[in-house]
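Chain by chain, the residues:
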Amino acid sequence: MENETISTLYKGKVEVRFLGPTPDKPNRHMYYVGGERVTGVTTYLNIIDKSAALVGWAVDLMRDYLLDIKGPIMQEHIFTGSTLHSVRKQTAADLGSKIHDWCERYIKHKLKVKGVEAPEMPDEKEVQNGVSAFLDWEKSHKVKFRSSERTVYSKKHGYIGTMDIEADVDEILCLVDIKSSNGLYNPVRAQTAAYVEADQEESGRKYQGRWALRVSKETEREYDARMAKKAANKERAGKKAYDAKPYQVFEARFFDKGSQKSDFEAFLAAKALYEWNSETDFFKNP
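### Notes on the overall build of the protein
Scanning the protein from terminus to terminus reveals eight helices and nine strands. For the protein, the C-alpha atoms occupy an extent of roughly 70 × 55 × 40 Å along the three principal directions. Of all 286 residues assigned to the protein, the portion counted as buried reaches 38%. Long-range pairs, those at least 24 residues apart, make up 64% of the contacts in the protein between residues at least 6 apart in sequence. When the accessible surface of the protein is totalled, it reaches about 17700 Å², and 52% of it is carbon and sulfur.

### Re the sheet that holds strand 8 (residues 209–215)
The sheet built from five strands is open, its strands ordered 5-6-7-8-9 with mixed pairing. The open sheet is flanked by strand 5 (144–154) and strand 9 (250–256), the only strands paired with a single partner. Across this sheet, the average inter-strand angle for adjacent strands is 30 degrees, counted without regard to direction. Sheet analysis places strand 8 next to strand 9, joined by seven bridges and oriented antiparallel. By the bridge assignment for strand 9, R214 is matched with E251.

### Structural notes on the environment of E120
The residue E120 is located in the loop between helix 4 (95–110) and helix 5 (125–140) in this model. Judged by its relative accessible area of 72%, E120 is exposed. Between the C-alpha atoms of E120 and E4, which are 116 residues apart in sequence, the distance is 28 Å.

### Comments concerning the sheet that holds strand 1 (residues 4–9)
Reading across the sheet, the four strands line up as 1-2-3-4 and stay open at both edges, with antiparallel pairing between neighbours. Single-partner strands in this sheet number two, and they are strand 1 and strand 4 (36–38). Adjacent strand axes in the sheet meet at a mean angle of 30 degrees when their direction is disregarded.

Cut-off values and rules
Residues numbered from 1 in each chain as written. Predicted model: local features only at pLDDT ≥ 70, side-chain atom pairs only at ≥ 80, totals over all residues. Heavy atoms only, no water. Helix = DSSP H or I, 4+ residues; strand = E, 2+ residues; numbered from the N terminus. Buried < 20%, exposed > 50% of the residue type's maximum accessible area, 1.4 Å probe, protein only. Contact = heavy atoms within 4.5 Å. Areas by Shrake-Rupley, 256 points an atom, 1.4 Å probe, with all protein chains shown as cover. Pairing = 2+ DSSP bridges. Axes fitted to C-alpha atoms, helices over the stretch in contact; angles between N-to-C directions.

So, in C-alpha cells, the structure goes:
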C-alpha cells in the first residue's frame, strides 16, 4: 500500500504530494511540492535536544531490570537491559493513540468527511475516560470544528506540515493540536505557531489562539508505578522525593494570540539551526 495523497494549496497553484506511513515504513512522512522534497515542521523541531529525559528513562529501565533479577547478573542480562529502551518504545501499549484515533474519527464524522462513520464509545475504561474528557472540553468551550488533518505550506519560509484541527473555540478561530504523550513539552508552542503562520499566509484567516490537547500514553496504574519507582530511586540516592502530580488522562492548554510572534520566532530559529547543522555536520558532509 503506497498511502499517497495529493492536495492543492494557494488556489490550486501549489500541488502537494504526501507519502504517509505504511506497514513496512511506519514512520514515513514525506512531503513534495512541485516534485521537490520539503522538510516538515516536526523534523525541524527535532533539532531541539530532548535527550536528558530519554537518557534518564533508558538508564532507569536497565537499572530496574537488573535489580529485579534473582541470582547473578549474566552477560545476556546486560545486553537485554541495554536494548530495553528501544523495545519498550516500539511495543508499549499506547493508550494515547487509541484516544487520539477516536477523536480524529469523531471530528471527521462531524465534518461529514465521506466514508467516515461515527465512532462507537470505546470498551476500555481508560480510553473511555480520555474520550469523555475530550467531549467535556468540546462542550464546555463551545467548539465548532472547521477542518481536520489539513496540509499547510509556507512559500515564504519553505516548510510544510499537517495541522490537526481548525476550529472556533469560545467563538474565536483557533488551531487545535492533539498530542499523545505523558507531558506537554515546549516545542508544541513552536509547532502550532508554525502551522498558524503557514495557514494565515495562504488563506488570510486570522487565528486568535492555539490549543494543545494532551492525551496520556499510559494508564493510571502505569503512571502510579512509574512515579513510585522514581521516588524509590531518589530515596536510594539519598535525595528527597518530590510530590508527583495527580494523574491526568487528558490535559488542555491554551496559548493566546500574544504569544504567537515569539513562538514562531522560536520555530524559525530551530529551522535555521537545523539547516545550518545539515549543511555543516562533519559526519554528513565529510
